[in-house]
Amino acid sequence: MKKTLLLAALLGATAFSAQAGNLRIGLESDPDALDPDKSRTFVGRIVFTSLCDKLFDITPELEIVPQLATASTTSDDGKTMTLTLREGVTFHDGTPFDAEAVKANIERSKTFDESVRKSELTSIETIDVVDDLTVRFNLSAPDAPLIAQLADRSGMMMAPSALSPEFSNAPVCSGPFKYVERVAQDKIVLEKYEDYWNADAIDLDGVTYTIIPDSTVRLANLQSGDIDIVNQLAATDAEAVRNAKGISFANITGLGYQGLTFNLANGEMAQTPLGQDAKVRKAFDLALDRAAISQVVFDGLFQPASQPFSPSSPYYNPDFPPVERDIEAAKALLAEAGVAVPLKVKIQVPNTPVTMQLVQVIQSMVAEAGFEVEIIAKEFATLLNDADVGDFQISQQGWSGRIDPDGNIHQFVTTGAGFNDGQYSNAEIDSLLNEARTVSDPAKRVELYQKAAAIYSEDRPLLYLYHLAWLYGIDDKVQGLTLYPDGMLRLEGVSVAD
Amino acid sequence: MTNIPTTDTAVADTVLDRPSESRAWRKFRSHSIGKAGAFMVAFFVILAVLAPVLPLQDPVATDWGAVRKSPSFAHWLGTDEIGRDLLSRMIWGARASLLAGVVSVAIAVILGVPLGILAGYFGGWTDAVISRCTEALLAMPFLILAIALAAFLGPSLTNAMLAIGIAAMPVFIRITRGQVLTVAAEDYVESARAVGLSTPKILRRYVLPNVLPPILVQATLTVATAIIAEASLSFLGLGQQPPSPSWGSMLNTAKNFLSQAPWMALWPGIAIFIVVLGFNLLGDGLRDALDPRSD
Amino acid sequence: MLRFFLRRLLVAIPTIILISIFVFMLQKLLPGDPVLAMAGEDRDPETLARLRAKYRLNDPLFVQYWTWITGVLQGDFGNSIRTGEPIAKLIGQKLPVTLQLAAMSMFFATLIGIPMGIISAVKKGTKTDFAANVVALSGLSIPNFWLGIMMILLVSVHWQLLPASGYVPPTEDLGQSLRTMLMPAFVLGTGLAAALMRHTRSAMLEVLRQDYVRTARAKGLIERRVVLKHAFRNALTPIVTLLALLFGELVAGAVLTEQIFTIPGFGKLIVDAVFNRDYAVVQGVVLVTAFGFILMNLLADMAYMLLNPRLRKN
């Protein structure tokens, strides 16, 4: 009898409502080190958005706006950049934010042996502290993408008093929320920083990021009221969220994409018709029905793509709309290329359910054109390794996207670049994209990127499939949330009603 | 060491072995639980074997027009996330799951039994080395060992079977060794040794037949464990790779569509349950039938 | 007794050394570069080389092993390659979670398994016995990750009675802690309950055959007293031993249960570490698990000796 009572009491207890004003966000994976210089994960950036302010931020329209720096001027030769800093900003431990702090941060990013930010800041040669609130970067060459880097992890300011290799164990920044605790694979807890420079815009008392890898379970938690926002809602769950009471669906097209990288010259695996003949790659491209892919796998929520730039970016290129399926043309191209069908090809994919679904759809689409696809599913770590050493024919990979166009194309197609796994090499592309880095006039940059697009779209070192979309399930209690194309959750003006 | 003529051991041989086999068979036939298990297993084995000749739809053929459709006349068990027929995938999946169970246990037996015999019969250093290694393997939880091995070998059905086989091997080493120790101390083995019968002959004629019954029981029960282990590995993405179906990988996909298409998760779970139950019942029946003490 | 314990401990040492070598080698043989996995979207050859050097991934294997094992002996398991946290801290954080899960499962299992076993033995050969046996075998045969998924679907999504995932430490909120653990513990406990039922049944059958039970019956004691006082008390020895052994199994079985219910415990730690190629974590966790296993076995043996005076003499 007693036991039944206990059970009833347990079952009957109302879902514990958190303290008023505390926002609970369900993340899809556990962030890595909470150190902006070491951080490599997308979910890590989401946490930093609340924890660490940056020198600059962006608007939903992708314009760069001041955050810790109130103004910036670049010299006519593009080789010095002077920042004016916000007054009265303090770090979470109470120490002031000033020009010395900026200098210390940038220098750490450039020299700390575990920093992965170095390549983003190579152009900065020296840093001058002009006065308390003015700092000057002396550049080796004009660097157009630099300001966008400063609006991301490279521009996150850590308290100089807390800088150590173990920073991530107790991060101290100057963002709207400060670090309370972290339980690996479970949660990261932040609370409001009372002395935040923009404290008036912050209505929440705190924010908890709960790690729930399974999308179904993440959604179940939203439905039961145990979390307030589901990050990365599964596209196929959108309908259920729309129909449910008390929760809403929200989405925005992101900056990133998913694509297929071909091995053109990286080792022996490149010696296939697919790797050697652009016509065969074109045939593969034409065999894909991107609209159907989006419909079947993503309930039509992801926009088909044939270029790296998101429709929300000013660099979106209207000359390259998504390639339409033309199965006859694909067959003709294969015949023209003189390959015997069915042509066997291997696709390496990360073994996550959605990507598996995606490539199985692709597999059956291209089969009609004469490609016999073998799917090789690998864990992510192995996949990256294989891509790096050239042990692949086609590798299914995506990119979460960057604000500046350079971050979405340069390292994928220029000779010898870090993500150019297929080792595509074209001198003209190299010179166009390198030049685009040094030009500050947006119109001129657009022109350069369009010229490059004309070339790589014909060579097809990689195929773009669709633009990423950020999908959220949000409890109706949450108010004032604005979505951004970079997929970050900015909590200014957000409140939780009771 | 008693001195008994060779003929006597031969007599002991027939007396000990032959009748017990038929007695075991009789006992098994009257064991209703064991028989029920045998039927369950047989049902799925027949389905799996007949898969290529049954009038089924292609298990990998996709249909964009019928994605995640609930059971209907056209698709008796419904369709999956890219419009494949689930009935067909279930039956083809039975092949993968049963194969995984049987092959991994075969690996465990083929590696484990000889090692166990070596350890038990020769003793000394051989025994010490084999036993320490067995203990080391046994000290690592079965599933964790299988996961680590499968991750190391790379995800595929073959590798999953190999990983499960290796992880299941120590049990067989241990059982065989214990059984050999008991048998080797029996008088008739002692005397066979005394009259100069060669070691391989002794092992084959006296030791192996006595080792086999408990191994058979253990193997049947381990098939059940191995099927669940394969399903678990596939569930984690470390087993059967798409587009080929296995019940575990079907469950792995299905868990993402629980609210929209619960039937996707229902069938593979039920099938695993029935097959595993079948092997467990069969194992119980065999144990009772082969146990000389119970009558 | 002490000598027995020490001797067994001594025998366990080479086993533990073997395990440590095995675990170490296994991780080194895993394909996939942890540094690349770490680098993710920030891949830069220079950074990669530096990270490899930093984590000493370029040293000869035996040097790596020696560095690791000497650290472990001093209680330093190194740091997670992925998050930079000390592994000893991670283990300390996760172990209690899994122990709580295991303890609650064991509670369920005992509650269901032992009474069922006793009833089944007492009513041997009846329909009740048959039914209990079928239920127990079903419990053994049901894949518990599937059971978990189905329960989430029904209990959390449809009925919204219990949370689908997560973990709340009992020190923070006991009620909520029990609520979140209820489903996972039940799921993990089913297989164990079945095993317990079967063992209780056979242990009871063994005891019920003994003379003193017959004597007790002959003396005219009421049946319930015979069963509970005389028979069950004697059947308890093998059951307790089994419980100790099964506790280790439970910790291992928690791997999938934790994965499904997103419980940040030991099992999830190891699976995530395998997938993230976080070598150091895998090594540390498997070593600790194996050590725990050996210790549990040892304790089970000792319990058996203590409860069984006849064995103590040998």
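Quick caveat, the model's predicted, so the values are computed rather than measured.

Attention now goes to the overall build of chain A. Along the backbone of chain A there are 15 helices and 18 strands. Here the C-alpha atoms of chain A give a radius of gyration of 24 Å, agreeing with the 23 Å that 2.2 N^0.38 yields for 498 residues. Burial statistics for chain A: of 498 residues in total, 54% are counted as buried. Taking contacts inside chain A between residues at least 6 apart in sequence as the whole, the part at least 24 apart equals 70%.

Once that is clear, we can look at the overall build of chain C. Across its full length, chain C holds 13 helices and zero strands. Shown N-terminal to C-terminal, the secondary structure of chain C runs as helices and strands in the order α-α-α-α-α-α-α-α-α-α-α-α-α. Along the first, second and third principal axes, the C-alpha atoms of chain C reach 85 × 55 × 35 Å. Buried positions account for 48% of the 314 residues belonging to chain C.

As a further point, take the domain arrangement of chain A. All names here are of chain A. Once the domains are mapped, chain A shows domain 1 (4–199 + 477–496) and domain 2 (255–467). The centre of domain 1, based on its C-alpha atoms, is set 32 Å off from the matching centre of domain 2. Its residues assigned to classes, the side of domain 1 that touches domain 2 comprises 10 nonpolar, three polar and two charged.

Before going further, it helps to examine helix H9 (residues 247–254) of chain B. Owing to its 3.6 residues per turn, the α-helix brings residues three or four apart onto one side. Taking burial as the measure, the eight residues of H9(B) include eight buried ones, the bulk of the element. Within the span of H9(B), buried status applies to B:Trp247, B:Gly248, B:Ser249, B:Met250, B:Leu251, B:Asn252, B:Thr253 and B:Ala254. On the buried face of H9(B), the contacting elements are helix H11 (353–367) of chain A, helix H3 (86–122), helix H8 (199–235) and helix H10 (263–290) of chain B together with helix H7 (144–158) of chain C.

Turning our attention to the nonpolar core. Among the nonpolar cores identified, the biggest contains 326 residues, and A:Ala287, B:Ala146, B:Ile147, B:Ile227 and C:Ile270 are the most heavily contacted of them. Discounting chain neighbours no more than four positions away, the residues touching B:Ile227 are B:Ser97, B:Ala100, B:Gly101, B:Ile272, B:Val275 and B:Val276.

So, on to helix H4 (residues 124–139) of chain B. The end-to-end C-alpha distance of H4(B), which contains 16 residues, comes to 22 Å, matching closely the 22 Å that a straight helix rising 1.5 Å per residue would cover. Looking at H4(B), one finds that the buried residues are B:Ile130, B:Ser131, B:Thr134, B:Glu135, B:Ala136, B:Leu137, B:Leu138 and B:Ala139.

Residue and element names in this part refer to chain A. Pairing is mixed in the open sheet, where 10 strands are placed in the order E8-E9-E10-E1-E11-E16-E12-E15-E13-E14. Either end of the sheet is taken by a strand with one partner, and the two such strands are strand E8 (177–183) and strand E14 (371–378). Its contacts with the sheet place helix H12 (residues 380–389) against strand E12 (247–262), strand E13 (343–350), E14 and strand E15 (394–399), and it is angled at close to 130° to E13.

Time to look at the sheet that holds strand E7 (residues 134–139) of chain A. Strand pairing in a sheet relies on backbone hydrogen bonds. The paired strands run either parallel or antiparallel. Residue and element names in this part refer to chain A. Strand order across the open sheet formed by four strands is E4-E5-E7-E6, with antiparallel pairing between neighbours. Every interior strand has two partners, whereas the edge strands, strand E4 (69–74) and strand E6 (124–131), have only one. Across this sheet, the average inter-strand angle for adjacent strands is 20°, counted without regard to direction. Pairing between strand E5 (residues 80–85) and E7: five bridges, direction antiparallel. Bridge pairing in E7 links Leu-83 to Val-135. Together, E5, E6 and E7 form the strand contacts of helix H3 (residues 99–111), whose direction differs from that of E6 by roughly 170°.

When two helices pack together, their arrangement is given by the angle between the helix axes and the distance between those axes. Viewed as axis vectors pointing N to C, H10(B) and helix H6 (residues 127–141) of chain C meet at an angle of 120°, and their least axial separation amounts to 8 Å. It follows that H10(B) is oblique to H6(C) by the angle criterion. The crossing of H10(B) and H6(C) is right-handed. Facing B:Phe273, B:Val276, B:Leu277, B:Asn280 and B:Leu281 of H10(B), the residues of H6(C) in contact are C:Leu137, C:Ser138, C:Leu140 and C:Ser141. Along the lines of polarity and charge, the residues of the contact of H10(B) with H6(C) split into six nonpolar, three polar and no charged.

Time to look at the interface of chain A and chain C. Between chain A and chain C, the residue contacts involve 39 residues of the former and 47 residues of the latter. The element that contributes the greatest number of residues to the side of chain A that touches chain C is H12(A), accounting for six residues.

All names here are of chain B. At a minimum axis distance of 7 Å, the contact between H8 and H9 shows a crossing angle of 40°. Put simply, H8 runs oblique to H9. In this structure, the crossing between H8 and H9 has a hand that is right-handed. Seen from H8, the contacting residues are Glu-230, Ala-231, Ser-232, Leu-233, Ser-234 and Phe-235; seen from H9, they are Trp-247, Gly-248, Ser-249, Leu-251 and Asn-252. Grouping the amino acids of the contact of H8 with H9 by side-chain chemistry returns five nonpolar, five polar and one charged.

To continue, consider the domain arrangement of chain C. Residue and element names in this part refer to chain C. What the domain assignment lists for chain C is domain 1 (2–73) and domain 2 (93–313). It is helix H1 (residues 2–29) that contributes the most residues to the side of domain 1 that touches domain 2, 11 residues altogether. Its residues placed into classes, the side of domain 1 that touches domain 2 shows 12 nonpolar, four polar and one charged.

Each partner contributes residues to the interface: chain B has 19 residues there, and chain A has 20 residues. By residue class, the composition of the side of chain B that touches chain A is nine nonpolar, eight polar and two charged.

Time to look at the confidence of the model for chain A. With 96% of its residues at a pLDDT of 70 or more, chain A has an overall mean of 90. Between residues 1–19 of chain A, whose pLDDT stays under 50, and residues either more than four places distant or in other chains, the model counts 13 contacts.

A few words on unusual backbone geometry. Glycine aside, the phi torsion of most residues is negative, and most peptide linkages are trans. The omega torsion across A:Val341 and A:Pro342 is -5°, close enough to zero to call that bond cis. Considering the arrangement of structural elements, one finds A:Pro342 in the loop between helix H10 (327–337) and E13. Look at C:Gln160: it is not a glycine, yet its phi comes out positive at around 50°. Here C:Gln160 lies in the loop between H7 and helix H8 (174–208). Residue C:Gln160 is classed as partly exposed on the basis of its 14 C-beta neighbours within 10 Å. With a phi angle near 50°, C:Thr262 is a residue other than glycine that sits in the positive phi range. Examined against the element boundaries, C:Thr262 turns out to sit in the loop between helix H10 (223–260) and helix H11 (266–276). By the C-beta count within 10 Å, which is 25 here, C:Thr262 ends up buried.

A word on the pairing of E5(A). Residue and element names in this part refer to chain A. Across the two faces of E5 the burial differs, with Met-81, Leu-83 and Leu-85 buried and Thr-80, Thr-82 and Thr-84 not buried at all. Where E4 meets E5, five bridges bridge the pair, whose relative direction is antiparallel. Paired with Ala-69 across the two strands is Leu-85, which belongs to E5.

All names here are of chain B. Position of Leu-157 relative to the elements: it lies in helix H6 (residues 157–184). When the 23 C-beta atoms within 10 Å are taken as the criterion, Leu-157 is described as buried. The sequence separation of Leu-157 and Leu-145 amounts to 12 residues, and the corresponding C-alpha distance is 16 Å. Residues within four places of Leu-157 in sequence aside, it is in contact with Ala-96, Ala-100, Gly-239, Gln-240 and Ser-246.

A few words now on the environment of A:Phe177. All names here are of chain A. Mapped onto the elements of the fold, Phe-177 is located in strand E8. On the basis of neighbour counts, which here come to 25 C-beta atoms within 10 Å, the residue Phe-177 falls in the buried class. Along the chain, Phe-177 and Ile-429 lie 252 residues apart, while their C-alpha atoms are 43 Å from each other. Other than its neighbours up to four places away in sequence, Phe-177 contacts Ser-50, Leu-51, Leu-190, Glu-191, Lys-192, Tyr-193, Gly-206 and Val-207.

Cut-offs used in this document
- Residues numbered from 1 in each chain as written.
- Chains lettered and ligands numbered in written order.
- Predicted model: local features only at pLDDT ≥ 70, side-chain atom pairs only at ≥ 80, totals over all residues.
- Helix = DSSP H or I, 4+ residues; strand = E, 2+ residues; numbered from the N terminus.
- Rg over C-alpha atoms; globule rule 2.2 N^0.38 Å.
- Buried ≥ 20, exposed ≤ 12 C-beta atoms within 10 Å, placed from the backbone.
- Contact = placed C-beta atoms within 7 Å.
- Domains from an automatic or database assignment.
- Nonpolar A, V, L, I, M, F, W, Y, C, P; charged D, E, K, R; others polar.
- Core = buried A, V, L, I, M, F, W, Y, C linked by C-beta atoms within 7 Å.
- Expected span 1.5 Å × (residues − 1).
- Pairing = 2+ DSSP bridges.
- Axes fitted to C-alpha atoms, helices over the stretch in contact; angles between N-to-C directions.
- Parallel < 35°, antiparallel > 145°, perpendicular 65-115°, else oblique.
- Left-handed = near helix turned anticlockwise from the far one by under 90°.
- pLDDT = per-residue confidence, 0-100.

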